[in-house]
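Residues per chain are reported as follows:
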Amino acid sequence: GTIPPEISNLTSLQGLNMDHNHLLGTMPPEIASLTKLQVVNLNHNQLSGTIPAEIGDLTASLQLLNLNLNQLSGTIPTALGDLTNLQWLFLVENR
């Protein structure tokens, strides 16, 4: 399956752990509207496309971003540099 844009309706969500789920498609930029999100773990799926620059909007909350073992391509968005609370960033084995 895919990650639906409606995920943005989960406004109190603090952790998104969907590793090892065979997810396809792109990482929806709507994730960035989840301003309380501290953990995004999408490790070991089949996500493709680029990392949305909008993820940099999670400056106040995001502490862990794990996108290992997907099929993401392109450059790492400079907006990730705005994530001042980010402690863990995993981008291993993508394109």
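Above this text you will find the structure in question.
Residues numbered from 1 in each chain as written. Predicted model: local features only at pLDDT ≥ 70, side-chain atom pairs only at ≥ 80, totals over all residues. Heavy atoms only, no water.

Peer 1: A description of the overall build of the protein chain should follow, citing residues and the corresponding values.
Peer 2: For the protein chain, the count of helices and strands is zero helices and six strands. Taken from N to C terminus, the helices and strands of the protein chain fall in the order β-β-β-β-β-β. Relative to the 2.2 N^0.38 estimate, which gives 12 Å for 95 residues, the radius of gyration of the protein chain is 12 Å and therefore close to what a compact globule would have. For the protein chain, the spread of C-alpha atoms along the three principal axes comes to 30 × 25 × 15 Å. Taken across its 95 residues, the protein chain has 35% of its residues classed as buried. Here the protein chain has roughly 5,200 Å² of accessible surface; of this, 51% comes from carbon and sulfur atoms. (Helix = DSSP H or I, 4+ residues; strand = E, 2+ residues; numbered from the N terminus. Rg over C-alpha atoms; globule rule 2.2 N^0.38 Å. Buried < 20%, exposed > 50% of the residue type's maximum accessible area, 1.4 Å probe, protein only. Areas by Shrake-Rupley, 256 points an atom, 1.4 Å probe, with all protein chains shown as cover.)

Peer 1: Could you give an account of the sheet that holds strand β1 (residues 15-17), with specific residues and numbers?
Peer 2: Strands sit in the order β1-β2-β4-β6 across an open sheet of four strands; the sheet is parallel. Each edge of the open sheet is held by one strand with a lone partner, namely β1 and β6 (88-90). When the angles between neighbouring strand axes are averaged without regard to direction, this sheet yields 10°. Of the pairings in the sheet, the one linking β1 to strand β2 (residues 39-41) comprises three bridges and is parallel in character. What sits directly across from Asn17, in β2, is Asn41. (Pairing = 2+ DSSP bridges. Axes fitted to C-alpha atoms, helices over the stretch in contact; angles between N-to-C directions.)

Peer 1: Could you give an account of the packing of aromatic side chains, naming the residues involved and the relevant values?
Peer 2: Applying the stated criterion across every chain, the model contains one aromatic pair. Each ring, one from Trp88 and one from Phe90, has its centre 6.0 Å from the other, and the planes form 5°; the classification is stacked. You can call Phe90 partly exposed: its relative accessible area is 29%. (Phe/Tyr/Trp six-rings, centres within 6.5 Å; stacked < 30°, edge-to-face > 60°.)

Peer 1: Please set out unusual backbone geometry residue by residue, giving values where relevant.
Peer 2: Phi at His20 is positive, roughly 55°, even though this residue is not glycine. Positionally, His20 belongs in the loop between β1 and β2. Residue His20 is classed as partly exposed on the basis of its relative accessible area, which comes to 48%. Residue Leu69 is not a glycine yet carries a positive backbone phi of 55°. Tracing the backbone shows Leu69 in the loop between β4 (64-66) and β5 (71-72).

Peer 1: Describe the environment of Leu10, naming the residues involved and giving the relevant values.
Peer 2: With respect to the helices and strands, Leu10 occurs in the segment before β1. By relative accessible area, which is 45% here, Leu10 ends up partly exposed. The spacing of Leu10 and Ile31 is 21 residues in sequence and 9.5 Å in space, taken between C-alpha atoms.

Peer 1: An account of the side chain of Asn66 is needed here, citing residue identities and associated values.
Peer 2: Take Asn66: it is sitting in strand β4. You can call Asn66 buried: its relative accessible area is 11%. One polar contact links the side chain of Asn66 to the main-chain amide nitrogen of Asn68, over a distance of 3.0 Å. Apart from residues lying up to four places away in sequence, Asn66 is in contact with Val40, Asn41, Leu42, Asn43 and Phe90. (Polar contact = N/O pair within 3.5 Å; in protein donor to acceptor, adjacent residues only side chain to side chain. Contact = heavy atoms within 4.5 Å.)

Peer 1: How would you sum up the nonpolar core? Please name residues and give values.
Peer 2: Grouped together as the largest cluster of nonpolar side chains are 20 residues, with contacts concentrated most on Met27, Ile31, Val40, Leu42 and Ile55. For Met27, the residues in contact, after removing those within four places along its chain, are Val40, Leu42, Ser48, Pro52, Ile55, Leu65 and Leu67. (Core = buried A, V, L, I, M, F, W, Y, C linked by side-chain atoms within 4.5 Å.)

None of the figures reported here should be taken as evidence of function without further support.
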